[in-house]
Amino acid sequence: MPGTLAGLAIAIFVLFPGYVRYALRKRIFPTRRLSRTMEAAGLIVVATAANITVLVFYGLLRMLPYVREHSPSPSELIRDPAGYVLLSDSRLAWVAAWMIGLLLLASALTATFTLRPWPLNLLSGVLSPAIAETSGWYQVFVADVPEKSSVSFVICELNDGSYISGDLAWFNTDPEEGPDRNIVLAPPFAIHRADGDTFQGQSEDGLHRIAVSARDIKRLYVSYIADPQ
């Protein structure tokens, strides 16, 4: 039983950086639903890459005499983990503190590459795949919006040949690009019907929002505008 608990604790410890990335992406970026097997595989791969990177960094740090004298020895931990950790009353806390520090560093590494702050975001256009996990709507309304700009105007060309335009108020972030998604427009509106009738109005005209189903949309035209300084 103690061995099982210890193994479970080690597994959680090792996989935690991968879970940090998984949780951040689920919270911030709408991504396609994957099978449990694929999600677990992605978590393991990310955690392994982060831990290896941190361990290499730790190995380079131990080349410094001061760090080598005040940090756990990986070779001793592998050769005799129990004997090394339990050598003294303070050794366990000392080793645990270093391990927690390395875990936080690995987690910070995965969080940084997930959030892509500047200057990492400058590389995203080069390193990111052309095929994204997110929907086309998310790419247009969020991911591809130029820096210091926002979506200012959306024109929906409908299947019947009519047009509806307005400011973007909300859109369905479901990454599955099905016909049941909706986009919501806010005033000022412009509606050009297929029969030639035209309507333009503000919220004071009694029209506050227009919800358009994806099944009725043929094309979307999106305009960006620079935010006022």
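Computed from a predicted model, the values in this text were never measured in an experiment.

Participant: Provide a residue-level description of the overall build of the protein, including the pertinent values.
Facilitator: Tallying secondary structure elements over the protein gives eight helices and six strands in all. Counting from the amino terminus, helix and strand elements in the protein follow one another as α-α-α-α-α-α-α-α-β-β-β-β-β-β. When the 229 residues of the protein are sorted by exposure, 29% land in the buried category. Across the protein, contacts joining residues at least 24 apart in sequence account for 62% of those joining residues at least 6 apart.

Participant: Describe the layout of surface pockets, with residues and values.
Facilitator: Any empty space left between the atoms is revealed when a probe the size of a water molecule rolls over them. Within this model, the second largest pocket holds a volume of roughly 800 Å³. Along its surface, the second largest pocket is lined by 23 residues, and Ile 10, Phe 13, Val 14, Leu 77 and Met 99 are the ones closest to its centre. Looking at the lining of the second largest pocket, the elements with two or more residues in it are α1 (2-28), α2 (36-61), α4 (74-79), α5 (81-85) and α6 (91-115). The biggest single contributor to the lining of the second largest pocket is α6, with eight residues. Classifying every residue of the lining of the second largest pocket by side-chain character gives 22 nonpolar, one polar and no charged.

Participant: Which residues make up the side chain of Ser 165, and what values do they have?
Facilitator: Counting through the fold element by element, Ser 165 comes out in strand β2 (residues 163-171). Classification of Ser 165 by relative accessible area gives buried; the value is 6%.

Participant: Before we move on, can you summarise the packing of α2 against α6 with the specific residues and values?
Facilitator: Running from N to C, α2 and α6 point in directions that differ by 125 degrees, and their axes come no closer than 9 Å. With respect to α6, the axis of α2 lies oblique. Both α2 and α6 take part in a crossing whose hand is right-handed. In this structure, α2 uses Val 46, Ala 50, Asn 51, Thr 53, Val 54, Phe 57 and Tyr 58 to contact α6, whose residues at the interface are Trp 98, Leu 102, Leu 105, Ala 106, Leu 109 and Thr 110.

Participant: Give me the lowdown on the pattern of salt bridges, citing residues and values where you can.
Facilitator: Under the defined criterion, the tally for this structure stands at three salt bridges. A salt bridge links Arg 219 to Glu 157, with the nearest nitrogen and oxygen atoms 3.1 Å apart. Here the residue Arg 219 occupies a position in strand β6 (residues 217-226), and Glu 157 occupies one in strand β1 (residues 149-158), the gap between them amounting to 62 residues. Here Arg 219 falls in the partly exposed class, since its relative accessible area comes to 40%. Here Arg 215 makes a salt bridge to Asp 180, at a shortest N to O gap of 2.4 Å.

Participant: Give me α2: which residues, what numbers.
Facilitator: Between its terminal C-alpha atoms α2 stretches 37 Å, which fits the 38 Å expected from 26 residues at 1.5 Å a residue. Here α2 has its buried residues at Leu 43, Val 46, Ala 47, Ala 50, Asn 51, Val 54 and Tyr 58.

Participant: Go over unusual backbone geometry with me, naming the residues and quoting the values.
Facilitator: At the junction of Pro 187 and Pro 188, the peptide bond is cis and its omega measures out at 5 degrees in the coordinates. With respect to the helices and strands, Pro 188 occurs in strand β3 (residues 182-192).

Participant: Could you give an account of the confidence of the model for the protein, with specific residues and numbers?
Facilitator: The predicted coordinates of low-pLDDT regions are not to be read in fine detail. For the protein, per-residue confidence averages 79 on the pLDDT scale, and residues scoring 70 or more make up 82% of the total. Here helix α7 (residues 120-127) is the element of the protein with the lowest mean pLDDT, 52, and strand β5 (residues 210-213) is the one with the highest, 90.

Participant: Can you break down the environment of Glu 147 residue by residue, with the values?
Facilitator: Mapped onto the elements, Glu 147 comes out in the loop between α8 (136-143) and β1. Taking the C-alpha atoms as reference points, Glu 147 and Ala 226, 79 residues apart in sequence, are found 8.3 Å from one another.

Participant: I'd like a rundown of the pairing of β1, residues and numbers included.
Facilitator: Taken across its ten residues, β1 has seven buried, putting it largely inside the fold. By the bridge criterion, nine bridges tie β1 to β6 in an arrangement that is antiparallel. In the strand pairing of β6, Val 151 is matched with Tyr 224. Pairing of β1 with β2, which is carried by four bridges, proceeds in the antiparallel orientation. Counted as the bridge partner of Cys 156 is Ile 164 from β2. Connecting β1 to the next strand, β2, in antiparallel fashion are four residues, including Gly 161 with a positive phi near 95 degrees.

Analysis parameters
- Residues numbered from 1 in each chain as written.
- Predicted model: local features only at pLDDT ≥ 70, side-chain atom pairs only at ≥ 80, totals over all residues.
- Heavy atoms only, no water.
- Helix = DSSP H or I, 4+ residues; strand = E, 2+ residues; numbered from the N terminus.
- Buried < 20%, exposed > 50% of the residue type's maximum accessible area, 1.4 Å probe, protein only.
- Contact = heavy atoms within 4.5 Å.
- 1 Å grid on protein atoms, 1.4 Å probe; cavity = no way out; pocket = protein on both sides within 12 Å on 5 of 7 lines; lining within 4 Å.
- Points joined across faces, edges and corners; volume = space filled by probe spheres on them.
- Nonpolar A, V, L, I, M, F, W, Y, C, P; charged D, E, K, R; others polar.
- Axes fitted to C-alpha atoms, helices over the stretch in contact; angles between N-to-C directions.
- Parallel < 35°, antiparallel > 145°, perpendicular 65-115°, else oblique.
- Left-handed = near helix turned anticlockwise from the far one by under 90°.
- Salt bridge = Lys/Arg side-chain N within 4 Å of Asp/Glu carboxyl O.
- Expected span 1.5 Å × (residues − 1).
- pLDDT = per-residue confidence, 0-100.
- Pairing = 2+ DSSP bridges.

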